[in-house]
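Coordinate inspection notes
Each chain is listed here by its residues.
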Amino acid sequence: MGYDRWGSQHGHLLKATVAVIVAGIFVFCLVSPRGQAEETSSQSSLRWAADAEGGAPYTFQDPNDPQRVIGFEVDLAEALSRKLNRPIEWVQYDYMSLVAGLQRGDFDFAMNGLEVTPDRAKVVRFSRPYYVYTLQLVVRVEESRFANLEELLALGGTVGTLEETAAQRLLEGMGFQPKLYGNQTEPYLDLELGRIDAVLMDLPIAVYFARPNRKLKFLGEPIGQGYYAIAFRPEDEELAAAVDRALAGLLADGQLKAIYEKWGLWNAAQEKLTQADISDVIAESRQKWTFARYFPLLLRGAWVTTYLSVLSMLLAIILGLPIALARLFGSFPLRWAAVAYVEFFRGIPILLLLFFLYYGLPTIADAYGLPFSLRLSPITAAIVGFGLNYAAYEAEIYRAGIRSIPAGQWEAAASLGMGRILTFRRIILPQAIRVILPPMTNDFIALFKDTSIVSIVAVVELTKQYQILAKSSLKYLEIGLATALLYLILSVPLGALSRHLEHRWGKGQ
Amino acid sequence: MNKDEFGIEVKGVCKRFGQRTVLHEVSFRVDRGETVAIIGPSGAGKSTLLRCLNGLCSFDGGVIRVGSYDLRAGRRPAPFAVLRQIRQRLGMVFQDFQLFPHLTALQNVIEAPVHVLGLARRDAERRARALLDRVGLGDHMAAYPRELSGGQKQRVAIARALAMDPFGLLCDEITSALDPELKAEVLAVLEDLRRDGMTLILVTHEMAFARRAADRVIVLADGEIVEDGPPSRVLGTPEHPRTSRFLEQVLL
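Starting from 1, residues in each chain are numbered consecutively following that chain's sequence as written. Lettering for chains starts from A, numbering for ligands starts from 1, and both go in the order in which the items are written. Local features in a predicted model are, by the rule used here, given only for residues with pLDDT of at least 70; side-chain atom pairs are given and counted only at 80 or more, and totals for whole chains, interfaces and linings are based on all residues. Excluding hydrogens and water, the side-chain figures rest on all heavy atoms present in the structure.

Turning to the overall build of chain B, a few remarks are in order. Per the convention used, a helix needs a DSSP run of H or I reaching at least four residues, while a strand needs a run of E reaching at least two, with both numbered from the N terminus. Secondary structure assignment for chain B yields 9 helices and 10 strands. Here chain B holds 252 residues, and the buried ones make up 56% of them. By sequence separation, contacts in chain B at least 24 residues apart represent 63% of the contacts at least 6 residues apart. Roughly 10,900 Å² of accessible area belongs to chain B as shown, and the carbon and sulfur atoms make up 45% of that amount. The cut-offs for exposure are 20% and 50% of the maximum accessible area for each residue type, with area from a 1.4 Å probe on protein chains only; residues under the lower value are buried, those over the upper are exposed, and the others partly exposed. Pairs of residues are marked as contacts when any of their non-hydrogen atoms sit within 4.5 Å. What sets the accessible areas is the Shrake-Rupley method with a 1.4 Å probe; for residues, cover comes only from the shown protein chains.

See below:
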């Protein structure tokens, strides 16, 4: 399972924050030698990383006390702490970065529904499994067209799942092209809204999120099988071995079973925990991510990014001009409306707008019984969202450009008998374009990169594709460089184009 | 044709900017083919008066008649259709040229004939070439304004105004931004136009030109006309003390 949150998708902010904090700690350590001394004195406490953001039922914030986390992994950590006779301290860590964080030494172990996969097993030391997960198919309650995945495949239906999970691999192995999500609530929401036909996810997620939903039902028995295990650094063998013994103890004395029963997660599959040997799992065919295999996927992501950016910008440029004109030359109500538009769309985060367009609009249509559907496709929602948002910025660029043309030009045209519209079209706009173009190109390049957040509405563009590939291959650097190169290949010519047009249209000035 | 249809008549025009009175009961008339120089200290309202004549500026009292079209007091001196008729008959040239920088000299000249009068581009270009030849810029048709000297720019601006086939030109200090030798080439064009019967109303500081070429000189001071007559009398034996004071200042 995985729960990628806006944190990582909205990565630049998070990364900036992390960078500042890391830099701060670094400086602190430099100036304060005592800092390190204090650190070693509290070594006896183990640091356990998990992502609490939407992480139910694994590790999530206690609704009664948001300062605390609860979940079956929290109970398990407490049980382990008692067995090891060592305090375990939870730290919040982005799910996507758990393995990287472990390698960097940000914490001692990660226990967060991490599936044992050959790729991961290459870089971490897994404990013995603490849970056998199965995958549960969930459909709308009225579904009757199919009874299992094979029939759905024959129908040509769509299945949603979490990206980079056993479920995804299983579906792709069957021949599906699953729709991939970054967290575990949105697939069920899309299922309810009829955007997809079924959801296949880890049973604990289905139990927690889908079972209480009366519009959804479980279809058939759980399928597939895999293990969650705790990840350690390979060099911490001693600690890992101690935890293995503690887990075996919890299994033997029934504490583990009690925890799972408490969370409604105990099932027959868990009997396997006693005989599980993860070396079997590791022996699975190793998927090698060579350049020839990942690059076409990156190219596809780059195409989505390009397509999305170009159409969004086109919409923004078309919409921005009338807004600027209304603000400059409109009557009072028009002027006011233009100002309101600009302030509103500049003032709300694009993320919120995308969420509203994608998830909010359909519920409005349903709630008011509108005769038409407002279910935008992911790509449409993204284009409309960015178009509306950037139109506010483009309107301001137009306005500044138009105002930069001296009033004397208007007067000269007027004294030749030219009307306002003719003057604007023939005299003002051609000159203003020279002023407008460079900042508009800048905006376009910015938009290009901003589109990386659209994966929240399940669009896989370049950055998302990078995250998926880097995580499955662990080639963060190599694929990261290839991705950066693609962005540069796309954005650098834009800058050149802008300079060229500036020169061409700028002649005479 | 009745000569009134080409005359300009200003009757009791008043103009205020807030509390300040810029023009006070200004009245005069200009007949077809006359050259009138408006002189006076800066801030006297000369440019404002000129801009009222083609409706670029609104005014608060009085009436202006250009040919058979009226401009009235109020925020909109006339409907746009009327303004367009007036502006076709009365071209305007500015101190700072205001050529369209993104267009060549030729394109500057044909812009309004093609898009306002609806002339075919080929006809407009033929006329534009003739006009640019006339102002001595036959070799600079394809030049952009930034490639021209100030005097050349101003001559393009004159050709541009003439392209609408007006009976008169309003010239707002059109030589003030030019070096002396460039002034001469622009003034030579004006002389030529005057000889051809063009009605010229010039706001100017060129006393020598006014004395030589103007039929009448109007002295505007503090928004009022203090003197109006032939240059020999106004510039030679002024009646009003304001005129004498002004002349002393500019001639020193």
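Text resumes after the structure shown.
Right, let's get into the overall build of chain A. Counting its regular elements, chain A contains 21 helices and 12 strands. Taking all 509 residues of chain A together, the buried fraction comes to 53%. Of the contacts formed within chain A by residues at least 6 apart in sequence, a portion of 75% connects residues at least 24 apart. Here chain A displays about 23,400 Å² of accessible surface, and carbon together with sulfur accounts for 61% of that area.

Right, let's get into the sheet that holds strand E6 (residues 90-93) of chain B. Residues and elements named next belong to chain B. The 6 strands are arranged E6-E7-E8-E3-E9-E10 in an open sheet whose pairing can be described as mixed. Because the sheet does not close on itself, it has two edges, and the strands there are E6 and strand E10 (224-229). If you compare each strand with its neighbour and ignore which way they point, the axes differ by 15 degrees on average. In this scheme, strands are said to pair when DSSP sees at least two bridges between them. Summarising the sheet, E6 and strand E7 (residues 168-172) pair through 4 bridges and their orientation is parallel. Directly across from valine 93, in E7, lies its bridge partner cysteine 171. Axes here refer to lines fitted to C-alpha atoms; in helices the fit is confined to the stretch in contact. Angles between the N-to-C directions go from 0 to 180 degrees. Sheet strands in contact with helix H6 (residues 180-195) are strand E3 (35-39), E7 and strand E8 (199-203), and its direction is about 145 degrees off that of E8.

Quick look at helix H12 (residues 255-262) of chain A now. Residue and element names in this part refer to chain A. Within H12 the residues assigned to the buried category are Leu256, Ile259 and Tyr260. All buried residues of H12 fall inside an arc of 95 degrees around its axis, so they share one side. Residues of H12 that are buried make contact with helix H4 (72-84), strand E7 (131-140) and helix H11 (237-252). Downstream of H12 by one or two residues, glycine 264 has phi in the positive range, about 70 degrees. Starting at the helix axis, one direction is taken to each C-beta atom, and the arc is that of these directions.

Here we come to the environment of alanine 381 of chain A. All names here are of chain A. Relative to the assigned elements, alanine 381 resides in helix H17 (residues 378-403). In this structure the C-alpha to C-alpha distance between alanine 381 and tyrosine 358, which are 23 residues apart in sequence, comes to 5.8 Å. Setting aside chain neighbours within four positions, we find alanine 381 in contact with Leu354, Leu357, Tyr358 and Leu376.

A regular strand places its side chains on the two faces of the sheet in alternate fashion. Residues and elements named next belong to chain B. Both strand E1 (residues 8-17) and strand E4 (residues 59-66) contribute to a ladder of 5 bridges, which runs antiparallel. Note on E4: the bridge partner recorded for cysteine 14 is glycine 61. In this structure, E1 lies alongside strand E2 (residues 20-30), joined through 7 bridges in antiparallel fashion. Considered in E2, the bridge of lysine 15 is made with leucine 23. Hairpin connection from E1 to E2: 2 residues lie between these consecutive antiparallel strands, with glycine 18 at a positive phi of about 65 degrees.

This next bit is on the interface of chain A and chain B. Taken together, the contact pairs 20 residues of chain A with 23 residues of chain B. Here the quantity called buried area is the total loss of accessible area, with a 1.4 Å probe, experienced by two parts when brought into contact, counted for both. Of the roughly 2,000 Å² buried between chain A and chain B, counting both surfaces, carbon and sulfur atoms make up 60%. Definition used for salt bridges: Asp or Glu carboxyl oxygen within 4 Å of a side-chain nitrogen of Lys or Arg. Summed over the shared surface of chain A and chain B, the number is 2 salt bridges. Its salt-bridge partner being arginine 51 of chain B, residue glutamate 411 of chain A comes within 2.6 Å of it at the nearest N-O pair. Only helix H18 (407-414) and helix H19 (420-450) of chain A provide two or more residues apiece to the side of chain A that touches chain B. Top element by residues in the side of chain A that touches chain B is H18 of chain A. It accounts for 6 residues.

What follows deals with a nonpolar patch on the surface. Residue and element names in this part refer to chain A. Taken together, Trp303, Tyr307, Val310, Leu311, Leu314 and Ile318 make up a surface patch of nonpolar side chains, about 590 Å² in accessible area. As for its placement among the helices and strands, valine 310 is situated in helix H14 (residues 291-329). By relative accessible area, which is 38% here, valine 310 ends up partly exposed. Surface patches are drawn from residues lacking salt bridges whose relative accessible area is over 30%; two like charges belong together within 9 Å, two nonpolar side chains (Val, Leu, Ile, Met, Phe, Trp, Tyr) within 5 Å.

This next bit is on the sheet that holds strand E4 (residues 88-92) of chain A. All names here are of chain A. The strand order E4-E1-E5-E12-E6 describes an open sheet built from 5 strands, whose pairing is mixed. What marks the edges here is a single partner per strand, and that holds for E4 and strand E6 (125-126). Pairing of strand E1 (residues 46-50) with strand E5 (residues 109-110), which is carried by 2 bridges, proceeds in the parallel orientation. Paired with alanine 49 across the two strands is alanine 110, which belongs to E5. Across the face of the sheet, H4 comes into contact with E1 and E4 while running at roughly 165 degrees to E1.

Turning our eyes to something else, we now look at the confidence of the model for chain B. Residues and elements named next belong to chain B. Looking at any residue, its pLDDT shows the predictor's confidence there, from 0 to 100. Of all residues in chain B, 98% attain a pLDDT of 70 or more, and the chain-wide mean is 92. Considering each helix and strand of chain B separately, the mean pLDDT is smallest for helix H9 (residues 241-251), with a value of 85, and largest for helix H3 (residues 105-115), with 97. Listed scores for the predicted complex are pTM 0.69 and ipTM 0.94.

Looking now at the pairing of E8 of chain B. Residue and element names in this part refer to chain B. Among the 5 residues of E8, 5 are classified as buried, and the element is accordingly described as predominantly covered. In terms of strand pairing, E3 meets E8 through 4 bridges, oriented parallel. If you follow threonine 35 over to E8, its bridge partner there is leucine 200. Both E7 and E8 contribute to a ladder of 5 bridges, which runs parallel. Opposite leucine 170, over in E8, you have isoleucine 201 as the bridge partner. Call a crossover right-handed when, viewed with both strands pointing away from you, the route from the first strand across the helix to the second goes clockwise. In this region the chain leaves E7, passes through H6 and returns to the parallel neighbour E8; the handedness of that crossover is right-handed.

Working note: a packed helix pair is described by the angle between its axes plus the distance between those axes. Residues and elements named next belong to chain B. In the contact formed by helix H4 (residues 121-134) and helix H5 (residues 150-162), the axes pass within 9 Å of each other and the chain directions differ by 140 degrees. What the angle tells us is that H4 and H5 run oblique. In the packing of H4 onto H5, the handedness of the crossing is right-handed. Together, Arg127, Leu131 and Leu132 of H4 and Val156, Ala159 and Leu162 of H5 make up the contact between the two elements. Amino acid classes used here: Ala, Val, Leu, Ile, Met, Phe, Trp, Tyr, Cys and Pro are nonpolar; Asp, Glu, Lys and Arg are charged; the rest, including Gly, are polar. When its residues are assigned to classes, the contact of H4 with H5 shows 5 nonpolar, no polar and 1 charged. Oblique is the label for every angle not falling under 35 degrees (roughly parallel), over 145 degrees (roughly antiparallel), or within 65 to 115 degrees (roughly perpendicular). Here is the rule for handedness: rotate from the far helix to the near one, and if that takes an anticlockwise turn smaller than a right angle the crossing is left-handed, while a clockwise turn gives right-handed.

Two rings belonging to Phe, Tyr or Trp (six-membered ring only in the last case) form a pair when the distance between their centres is within 6.5 Å. Interplanar angles under 30 degrees mark stacking, angles over 60 mark edge-to-face geometry, and anything in between is tilted. Counted under the stated rule, the structure contains 23 aromatic pairs over all chains. Both rings, one in phenylalanine 60 of chain A and one in tryptophan 263 of chain A, keep their centres 6.1 Å apart while their planes meet at 80 degrees; by these two values the pair is edge-to-face. Remark: tryptophan 263 of chain A occurs in the loop between H12 and helix H13 (278-282) and phenylalanine 60 of chain A occurs in strand E2 (residues 60-62); sequence separation between them is 203 residues. An aromatic cluster is built from Tyr58, Phe72, Tyr130, Tyr131, Tyr133, Tyr228 and Tyr260 of chain A, whose rings are joined through pairwise contacts. Above the plane of the ring of tyrosine 358 of chain A lies arginine 195 of chain A, whose end atom (NZ or CZ) is 3.7 Å from the centre. Criterion for a charge above a ring: Arg CZ or Lys NZ at most 6 Å from the ring centre, at most 35 degrees from the ring normal. Its end group placed over the ring of phenylalanine 100 of chain B, arginine 160 of chain B keeps NZ or CZ at 4.5 Å from the ring centre.

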